[in-house]
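# Understanding the architecture of this molecule
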Amino acid sequence: MRYRSSTPILLAVSALVPLSAAAQDVMPWAPSALTAADYARAEQYLPQFTDPLVTGGVVRPTWLADGRFWYRSTAGTGEDYVLVDPARRTRTTASSPAGLGVAQPAPGARGRAESVSPDGRTAVFIREHNLWAREIATGRETQLTTDGVEDYGYATNNAGWTRSDAPVVAWSPDSRRVATFQHDGRGVSEMYLVHTGVGAPTLDAWKYPLPGDSVIFRISRVIIDLDGPRVVRLQMPPDPHRSTLCDHVVCRGAGWVDVEWTSDSRRLAFASVSRDHRDVTLRIADAETGVVRDILTESVPTYFESGNGRVNWRVLTASNEVIWFSERDDWGHLYLYDLRTGALKNRITSGSGNVMQILRIDEAARRIYFLGLGREEGRDPYFRHLYRVSFDGSGLTLLTPEDADHDVSLSPDGRFFVDNFSRPDVPVTSVLRNADGRLVLELERMDVSRLRATGWTPPIPFTVKARDGRTDLYGLMYRPSHFDSTKAYPIINNIYPGPQTGSVRSRSFTAARGDTRAIAELGFIVVQIDGMGTPGRSKRFHDAWYGNMGDNTLPDQVTGMQQLAERHAWIDIERAGIYGHSGGGNATAAAMFQYPDLFKVGVAQAGNHDNRIYEDDWAEKWQGLLVQNADGTTNYDNQANQLLAGNLKGKLLLAHGTLDSNVPPYSTLLVVNELIRHNKDFDLIMLPNRGHGFGNEPYMMRRRWDYFVKHLLGAEPPPEYRMGRLSTAP
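Reading the values: rules and limits
- Residues numbered from 1 in each chain as written.
- Predicted model: local features only at pLDDT ≥ 70, side-chain atom pairs only at ≥ 80, totals over all residues.
- Heavy atoms only, no water.
- Phe/Tyr/Trp six-rings, centres within 6.5 Å; stacked < 30°, edge-to-face > 60°.
- Helix = DSSP H or I, 4+ residues; strand = E, 2+ residues; numbered from the N terminus.
- Lys NZ or Arg CZ within 6 Å of the ring centre and 35° of its normal.
- Buried < 20%, exposed > 50% of the residue type's maximum accessible area, 1.4 Å probe, protein only.
- Arc of directions from axis to C-beta.
- Contact = heavy atoms within 4.5 Å.
- Disulfide = S-S within 2.5 Å.
- Pairing = 2+ DSSP bridges.
- Axes fitted to C-alpha atoms, helices over the stretch in contact; angles between N-to-C directions.
- 1 Å grid on protein atoms, 1.4 Å probe; cavity = no way out; pocket = protein on both sides within 12 Å on 5 of 7 lines; lining within 4 Å.
- Points joined across faces, edges and corners; volume = space filled by probe spheres on them.
- Nonpolar A, V, L, I, M, F, W, Y, C, P; charged D, E, K, R; others polar.
- pLDDT = per-residue confidence, 0-100.
- Patch = residues over 30% accessible without salt bridge, like charges linked within 9 Å, V, L, I, M, F, W, Y side chains within 5 Å.
- Areas by Shrake-Rupley, 256 points an atom, 1.4 Å probe, with all protein chains shown as cover.
- Salt bridge = Lys/Arg side-chain N within 4 Å of Asp/Glu carboxyl O.

## Details of the packing of aromatic side chains
The description of two aromatic rings rests on the distance between their centres and on the angle between their planes. Scanning the entire structure with this criterion turns up 20 aromatic pairs. Where tryptophan 70 meets tyrosine 81, the ring centres are 5.9 Å apart and the plane angle is 50 degrees; that geometry is what we call tilted. Taken together, the positions of tryptophan 70 in strand β3 (residues 69–73) and tyrosine 81 in strand β4 (residues 80–85) put the pair 11 residues apart, joining distant regions of the chain. Taking the centre distance of 5.6 Å and the plane angle of 20 degrees together, the rings of phenylalanine 304 and tryptophan 324 count as stacked. Of this pair, phenylalanine 304 sits in the loop between β25 (292–299) and β26 (314–316) while tryptophan 324 is found in strand β27 (residues 321–326), placing the two residues 20 residues apart along the sequence. Among the aromatic residues, those joined into a cluster by ring pairs are Tyr303, Tyr546, Tyr614, Trp618 and Trp622. Taking NZ or CZ as reference, arginine 127 lies 4.7 Å from the ring centre of tryptophan 132, over its face. The cationic tip of arginine 163 hangs over the ring face of tryptophan 206; the distance from NZ or CZ to the ring centre is 4.0 Å.

This is the structure:
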């Protein structure tokens, strides 16, 4: 069943050049050279230059205890601060938060790797592998644990591919206890990187488990009572270092996941995940005794996930119930279980489309507010919408009616929410709604007139059919401001294959989207396609190439590009390129090796070209546990780019940072070694002392642009153009 609102807000549709049927008589766009002025014109479409030309639109509310909120507005000529009273439907503007009469939070200690209690009185931190507490008011320190040692310390934040000094803890609501673990890295393999400099090199060595290792990180769960202090060990074996959400127990933007205190601070609920991610058990521990009880277990043939961006299971203390998330029927839905018996009480959501994130649970009214995907027919299935549903599955209500992606912030009391809605080609409108979805106030409308004055044009959404000829795939296309439908332009695919995200990523409006629009300005058609194997759709869609990571969505990328070229004569499919970073670097090299007659030019940055030398969690989740066959082959051979390096025909630029602790540089060097063995010409940039995020450095960006201009467009780039010449946006 579909839902419509009686109070829609119309979107301001962009003025786009229509994608008409292609004319037959076209000439290749093939200038002999590009100038510094051409590069400068393209550079103005990078984020640092487009963002200042966009005003208004996105509202990031700071909610106050009395139900009001304030936010920073750039809708006017300068920067204003706006105080909104939802109950009175009023807006007050001032030049500073102080002018609104809003008290500013006292700044906390800066530079400290610590976690502060809910009551703000205590902070915990790691010292010499043990956990310590600090009274914030007095500075008095107390050692909480005493038996932590190297490679077996408390609250250690290390997943191999990422590390931090911040402690991994979960505070009880009453601030009397912390849940954490002893992180066991004993016997785990090590990673080594060497700093480049004058004199003796400096070695960086740390624990970094790999797929197939007999020993990986384990966590021995404990609860620490600050009164005493007293350490309570949970009565269970150590868990593998795994979560239901990401390839770490600490997930970006979500903190330590799969751990939740009951509201009375007496019990700790948590999910134990098997090494291969196929089995998950929800457990609950007594904080006083450490006794652990299993609540429910779910097993799947590929990998279990509990949500998209946030873990979606919740323990309801007052009613002794559990809200559980499962993709058991091919879609991500919510189920209600009895916390005492583990028995299923009822299904909460159903039908096509996914529950993405639970945002609020109203236990008194027995209602859930959640972001959902793909429930509205005829819309981009990646658009987020806010819904409300009762625990018994009744009363499912769409609260954000517009055909757009909705970025929502709920008030703490649940009475109101701020809704920023937009599309990739339609700027943001921000409104305030009540809990029933009714419009209270329009807050901001994004103004992109100054951006349009530069010649900027938005991306063009499109759909193509997947490899199966039936499934719709969604993507974005970028064209230059000087686009001429009588010319045929080379096509470049900007790829990120997943499996944890896709090439397009956010469906909200942003002006630049990396350097895709900028590269298009040089004289290319740039496309991003979310192929099968990426999240947000059905479980079957996401599992499309489980156990065959060498797929990299490439069959979908190829057929999608071919379909676009058949529609539009101004796409020159004979001049096709591809580029990407990290997983996109892996996919780029794979495309050059697997489809050498299609892809003529590729730029592969920081690629994890063989996941047997990448971190264990990532590969073992998506490829499965490493299996060695009697003939010496493995189930990981199908994803190893170096084994296909001999197929290279086109121009390939490989790049990697020498201090990349996420995807170590040896991954690219494996490919280099095989290219040399096969006597293949290629280009290589090793960036000294760079980590994983070098892709948008001016030098790397310029070299990427030059590579496509020279080898795909067939033009000479301006010699050694210095990125960053523009001091202000035009």
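Having seen it, we continue.
## Some thoughts on helix α1 (residues 36–43)
All buried positions along α1 are accounted for by Asp38, Tyr39, Ala42 and Glu43. On an axial view of α1, the arc spanned by its buried residues comes to 135 degrees, and they lie on one face. Tucked inside the fold, the buried residues of α1 contact α2 (47–50), α4 (516–521) and α10 (698–713).

## Concerning the state of the cysteines
Evaluation of the coordinates by the stated rule reveals 1 disulfide. The disulfide bridge from cysteine 246 ends at cysteine 251, spanning 2.1 Å between sulfur atoms. Its S-S torsion of approximately -90 degrees makes the covalent link between cysteine 246 and cysteine 251 left-handed. One exposure class covers both cysteine 246 and cysteine 251, and it is buried.

## Focus on the environment of aspartate 38
Tracing the chain through its elements places aspartate 38 in helix α1. With 97 residues separating them in the primary sequence, aspartate 38 and glutamate 135 have C-alpha atoms 59 Å apart.

## Thoughts on the sheet that holds strand β8 (residues 130–135)
Here we have 4 strands laid out as an open sheet, ordered β6-β7-β8-β9, and antiparallel in their pairing. Because the sheet does not close on itself, it has two edges, and the strands there are β6 (114–116) and β9 (141–143). With strand direction ignored, the average angle separating the axes of adjacent strands in the sheet is 25 degrees. The pairing of β6 with strand β7 (residues 122–127) spans 3 bridges and is antiparallel. Its bridge partner being in β7, glutamate 114 is matched across the sheet by phenylalanine 125.

## A short note on the sheet that holds strand β36 (residues 426–434)
In spatial order, the strands read β34-β35-β36-β37; together these 4 strands make up an open sheet with antiparallel pairing. Each edge of the open sheet is held by one strand with a lone partner, namely β34 (405–410) and β37 (439–445). Pairs of neighbouring strands in the sheet enclose a mean axial angle of 20 degrees, with direction left out of account.

## Description of empty space enclosed by the protein
Summed over all chains, the structure comprises 6 cavities of 30 Å³ or more. Counted as a void, the largest cavity has a volume near 50 Å³. Here the lining of the largest cavity is composed, by residue class, of 6 nonpolar, 2 polar and 1 charged.

## Overview of the confidence of the model for the protein
Summarising the model, the protein shows a mean pLDDT of 94, and 95% of its residues fall at 70 or more. In this model, residues 1–23 is a region of pLDDT below 50 whose contacts with residues beyond four sequence positions or in other chains number 48 contacts.

## Examining a nonpolar patch on the surface
A surface patch of nonpolar side chains, about 520 Å² in accessible area, is lined by Tyr192, Val194, Leu203, Tyr666, Leu669 and Leu684. Among the secondary structure elements, those contributing two or more residues to the nonpolar patch are β15 (190–195) and α9 (666–677). Among the secondary structure elements, leucine 684 is positioned in strand β45 (residues 683–687). We classify leucine 684 as partly exposed; its relative accessible area is 36%.

## Observations concerning unusual backbone geometry
Cis rather than trans, the peptide bond between glycine 228 and proline 229 has omega equal to -10 degrees. Counting through the fold element by element, proline 229 comes out in the loop between β17 (218–225) and β18 (230–233). At histidine 129, a residue that is not glycine, the phi angle is positive and equals roughly 75 degrees. Secondary-structure assignment places histidine 129 in the loop between β7 and β8. Owing to a relative accessible area of 35%, histidine 129 belongs among the partly exposed residues under this scheme.

## What about the pattern of salt bridges?
If the charged atoms of two oppositely charged side chains come close together, the side chains can form a pair. Taken as a whole and assessed by the stated rule, the structure comprises 61 salt bridges. For the salt bridge of arginine 163 with aspartate 204, the shortest nitrogen-to-oxygen distance reads 3.3 Å. With arginine 163 in strand β12 (residues 163–164) and aspartate 204 in strand β16 (residues 202–207), this pair connects stretches of sequence that are 41 residues apart. Owing to a relative accessible area of 23%, aspartate 204 belongs among the partly exposed residues under this scheme. Through salt bridges with shared partners, one network takes in Asp174, Arg176, Arg177, Asp225, Asp227, Arg230 and Glu288.

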